[in-house]
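# Descriptive analysis of the structure
What follows is the residue order along each chain.
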Amino acid sequence: MTAPIIFSLPGNTAAGAQLASMAGAEIGLLSTHTFPDEESLVRVDTDPRDRDVAVVATLHHPNAVVMPLLFLADALHSLGARRVGLIAPYLAYMRQDTRFNPGEALTSRTFASILSDAVDWLVTVDPHLHRYASLADIYDIPTAAVHASKEIGAWIATHVERPLVIGPDEESRQWAESVAAAAKAPFTVVTKTRHGDVDVIESIPDLRAHTDRTPVLVDDIISTARTMIAAVNHLHEQRAQPPVCIGVHAVFATGAYAALENAGPASIVTTNTIPHPSNQIDMLPAIAAAARSHFDVGDRPARP
Ligand code: R5P
């Protein structure tokens, strides 16, 4: 069977090259251009005819990336690719999973519908599944959600002495619990009330029983970092040791990383689903394995 091809949108070429090597795929060449009026041009320079292909595009700045992604996926299909998959290590638009206020757009559903029309399969890492049980609730294509808990747990077990894993809000319970299990550490969860984008109030459990442990805050996304900062401040108030802050996805809105550093954690660590100086935990082998299982499709017919 001919090797699959992995194309990478700008900003993803290093990850794409590693994924291609790990998944036994060829690196696809493409060029992109942004016109003065901000329209996008994409040109495919490696012939995808009759090949299984994937596009690597992490989606932390989704609005700028999605148009080139849609153009590329459509070009690949029309140039004869058998199947076009999307490897999006970070999947955007998962947090608007209900209408929090009357009249709001349910962006998670709309976004899923757009991507489901554009590509044949999707691989991502720890999508923010809170009100949805799985990606299948909103995506109509085969999806694989790779979990980072094993890699994060292994990092904690190697780098942190006597860890206590803490989820900074109820929504992070699922990540904190599985990470704690992988690190063979106890865990607890903070209660959080969010009043706005940057207005977060937290109430942390009594940690007096754990004064000999290093707190490790674990969340899926660090965006404004307000959730992490509120938790770090509460730990300081309880005279706990400075915490290690771990995020799966280093979204970090403007100024957020510096603000979190200023709160005084012991360290800030993320996985490499979004390139960032805090990346210390490698998710590419697990992503490559998930992509490989989509490539191993034998003679499955091309999309009609
Ligand atoms: C939401 O519940 C998520 O799990 C994260 O806690 C949240 O997205 C973090 O956002 P921010 O960094 O803006 O506080």
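These notes cover the structure that comes with them. Since we're looking at a predicted model, the values are computed, not measured.

## Some words on the pattern of salt bridges
A pair can form between side chains of opposite charge whenever their charged atoms are brought close. All told, the structure shown has 6 salt bridges when counted by the stated rule. For the salt bridge of aspartate 212 with arginine 162, the shortest nitrogen-to-oxygen distance reads 2.6 Å. Of the two residues, aspartate 212 is situated in the loop between strand S12 (199–203) and strand S13 (214–221) and arginine 162 in the loop between helix H4 (149–159) and strand S9 (163–167); the sequence distance between them amounts to 50 residues. In this structure, glutamate 170 and arginine 173 form a salt bridge, with 2.7 Å as the shortest nitrogen-oxygen distance.

## What to know about the sheet that holds strand S14 (residues 244–249)
What holds strands together in a sheet is hydrogen bonding between their backbones, with the strands either parallel or antiparallel. On the basis of which strands lie adjacent, the open sheet formed by 6 strands has the order S10-S9-S13-S14-S15-S16 and parallel pairing. At either margin of the open sheet sits one strand with a lone partner, and together these are strand S10 (187–189) and strand S16 (279–281). Each strand axis lies, on average, 35° off the axis of its neighbour in the sheet, ignoring direction. The strands touched by H4 are S9, S13, S14, strand S15 (267–271) and S16; relative to S14, the strand with the most contacts, the crossing angle is about 160°.

## Quick look at the packing of H4 against helix H5 (residues 173–183)
The interhelical angle for the contact between H4 and H5, taken along N-to-C directions, is 50°, at an axis separation of 7 Å. Taken together, the axes of H4 and H5 are oblique relative to one another. Between H4 and H5 the crossing geometry is right-handed. Touching Ser149, Lys150, Ile152, Gly153 and Ile156 of H4 are Ser178, Val179, Ala182 and Ala183, all from H5.

## Considerations on the site of the ligand
Surveying the vicinity of the ligand reveals 15 residues, the closest of which are Arg95, Asp219, Asp220, Thr224 and Thr227. For the ligand, an oxygen atom lies 3.1 Å from a polar atom in the side chain of aspartate 169. Separating an oxygen atom of the ligand from a side-chain N or O atom of threonine 227 is a distance of 2.5 Å. Mapped onto the shell around the ligand, the elements with two or more residues apiece are strand S11 (191–196), S13 and helix H6 (226–237). The leading source of residues in the shell around the ligand is S13, at 3 residues. When the residues that make up the shell around the ligand are grouped by side-chain class, the tally is 3 nonpolar, 4 polar and 8 charged.

## A word on the sheet that holds strand S8 (residues 143–146)
One open sheet accounts for 6 strands, arranged S2-S1-S5-S6-S7-S8; its pairing is parallel. Both outer strands of the open sheet, strand S2 (26–27) and S8, are each paired with one neighbouring strand and no more. Two strands pair when backbone bridges link them, and strand S1 (residues 5–8) and strand S5 (residues 52–56) are joined in this way by 4 bridges, in the parallel orientation. In the sheet register, phenylalanine 7 faces S5, and the bridge partner there is valine 55. Together, S1, S2, S5 and strand S6 (83–88) form the strand contacts of helix H1 (residues 13–23), whose direction differs from that of S1 by roughly 170°.

## Looking at the packing of helix H2 (residues 62–78) against helix H3 (residues 107–118)
As a packed pair, H2 and H3 sit with axes 9 Å apart at the nearest point and diverge in direction by 25°. The angle between H2 and H3 places the two elements in the roughly parallel class. Of the residues in H3, those touching H2 at Val66, Leu69, Leu70, Ala73 and His77 are Phe111, Ile114, Leu115 and Ala118. Of the residues that constitute the contact of H2 with H3, the class distribution is 8 nonpolar, 1 polar and no charged.

## What to know about the packing of aromatic side chains
Each pair of aromatic rings is reported with the distance of its centres and the angle of its planes. Following the criterion strictly, the structure yields 3 aromatic pairs and no others. Plain terms: the ring middles of tryptophan 121 and phenylalanine 295 are 5.6 Å apart, the flat faces sit at 85° to each other, and that makes the pair edge-to-face. Of this pair, tryptophan 121 sits in strand S7 (residues 121–125) while phenylalanine 295 sits in helix H8 (residues 284–295), and the two are 174 residues apart along the sequence. Across the pair, phenylalanine 295 and tryptophan 121 agree in class, each one buried. For the pair phenylalanine 252 and tyrosine 257, a centre-to-centre distance of 5.1 Å together with 80° between the ring planes defines the contact as edge-to-face. Exposure remark for phenylalanine 252: the relative accessible area of 11% places this residue in the buried category. On the accessibility criterion, tyrosine 257 (22% relative accessible area) is partly exposed.

## Side note on the pairing of S14
For S14, a buried count of 6 out of 6 residues is recorded, marking the element as mostly surrounded by other parts of the structure. Pairing geometry for S13 and S14, over 5 bridges, is parallel. Bridge pairing in S14 links isoleucine 221 to histidine 249. A crossover connection joins S13 to the parallel S14 through H6; in handedness this β-α-β unit is right-handed. Of the strand pairs in this sheet, S14 and S15 are connected by 4 bridges, and their pairing is parallel. What sits directly across from isoleucine 246, in S15, is valine 269. Handedness of the crossover joining S14 and S15 through helix H7 (residues 256–262) is recorded here as right-handed.

Parameters and conventions
Residues numbered from 1 in each chain as written. Predicted model: local features only at pLDDT ≥ 70, side-chain atom pairs only at ≥ 80, totals over all residues. Heavy atoms only, no water. Salt bridge = Lys/Arg side-chain N within 4 Å of Asp/Glu carboxyl O. Helix = DSSP H or I, 4+ residues; strand = E, 2+ residues; numbered from the N terminus. Pairing = 2+ DSSP bridges. Axes fitted to C-alpha atoms, helices over the stretch in contact; angles between N-to-C directions. Contact = heavy atoms within 4.5 Å. Parallel < 35°, antiparallel > 145°, perpendicular 65-115°, else oblique. Left-handed = near helix turned anticlockwise from the far one by under 90°. Near = heavy atom within 4 Å. Polar contact = N/O pair within 3.5 Å; in protein donor to acceptor, adjacent residues only side chain to side chain. Nonpolar A, V, L, I, M, F, W, Y, C, P; charged D, E, K, R; others polar. Phe/Tyr/Trp six-rings, centres within 6.5 Å; stacked < 30°, edge-to-face > 60°. Buried < 20%, exposed > 50% of the residue type's maximum accessible area, 1.4 Å probe, protein only. Right-handed = clockwise from strand over helix to strand, strands pointing away.

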